[in-house]
Amino acid sequence: MTIVWVVTGLLAAALLGWPVTAGVLRLASAVQPPPPPPPPNAVLRGGLAIGMLERLAVAAAVLADEPVAIAYVVAVKGLGRYAELKETPAAAERFIIGTLASMLWAVAVAVPVRLLLL
């Protein structure tokens, strides 16, 4: 039964986090004035896949009781996008908001599963 809870938690964290993150980004853009349109090469590609992998890694770190692994996820993600983020402040802002929303969702899903399994 433990494996069912772990797999369910990981899938919920990875797959259901996209609508949550998208909603938070929409809310953030509704609260602030719209930024100037970014140049065409400023679009951060691969965000959906990266977000799923990020949530999966964060949820797995929480379930494995390895919080240091979350720091590795943040570091790898930030270093991987550094060049793009340095050039476009609007993309950097969306990156930060999206990353925080995504990680908070993964933790919010994984912590109850971990508590259930203890």
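Residues numbered from 1 in each chain as written. Predicted model: local features only at pLDDT ≥ 70, side-chain atom pairs only at ≥ 80, totals over all residues. Heavy atoms only, no water.

Thoughts on the overall build of the chain
Here's step 1: Looking only at helices and strands, the chain features 5 helices and 0 strands.
Here's step 2: The helix and strand sequence of the chain, counted from the amino end, reads α-α-α-α-α.
Here's step 3: Once local pairs closer than 6 in sequence are excluded, the contacts in the chain between residues at least 24 apart make up 83%.
Here's step 4: Here the chain displays about 7600 Å² of accessible surface, and carbon together with sulfur accounts for 76% of that area. (Helix = DSSP H or I, 4+ residues; strand = E, 2+ residues; numbered from the N terminus. Contact = heavy atoms within 4.5 Å. Areas by Shrake-Rupley, 256 points an atom, 1.4 Å probe, with all protein chains shown as cover.)

What to know about the pattern of salt bridges
Where charged atoms from two side chains of opposite charge come close, those side chains can pair.
Here's step 1: Across all of its chains, the model carries 2 salt bridges by this definition.
Here's step 2: Between Glu54 and Lys77 there is a salt bridge, with the nearest N and O atoms lying 2.3 Å from each other. One end of the pair, Glu54, is in helix α3 (residues 47–63); the other, Lys77, is in helix α4 (residues 68–87), with 23 residues separating them in the sequence. We note that Glu54, like Lys77, is buried. (Salt bridge = Lys/Arg side-chain N within 4 Å of Asp/Glu carboxyl O. Buried < 20%, exposed > 50% of the residue type's maximum accessible area, 1.4 Å probe, protein only.)

Some remarks on the UniProt feature "transmembrane region" (unreviewed entry) in the chain
Here's step 1: On the UniProt side, "transmembrane region" (unreviewed entry) is annotated at positions that read residues 95–117 here.
Here's step 2: What you have in residues 95–117 is 100% helix and 0% strand, and the ends, taken at the C-alpha atoms, are 33 Å apart. (UniProt positions renumbered as here; feature names shortened; annotations may be inferred.)

Topic: unusual backbone geometry
One can expect most non-glycine residues to show negative phi and most peptide bonds to be in trans.
Here's step 1: For Asp65, which is not a glycine, the phi torsion comes out positive at approximately 60 degrees.
Here's step 2: Mapped onto the secondary structure, Asp65 falls in the loop between α3 and α4.

Section: the side chain of Lys77
Here's step 1: The exposure class assigned to Lys77 is buried, which follows from its relative accessible area of 16%.
Here's step 2: Ignoring sequence-local partners within four residues, the contact set of Lys77 consists of Ile50, Glu54, Phe95 and Thr99.

A look at the nonpolar core
Here's step 1: Ala13, Val58, Ala59, Leu63, Ile70, Ala106 and Ala110 are the most contacted members of the largest nonpolar core, which has 15 residues in total.
Here's step 2: For this core, the secondary structure elements donating two or more residues are α1 (2–15), α3, α4 and α5 (89–117).
Here's step 3: In contact with Ala59, other than residues within four places in its own chain, are Leu10, Ala13, Ala106 and Ala110. (Core = buried A, V, L, I, M, F, W, Y, C linked by side-chain atoms within 4.5 Å.)

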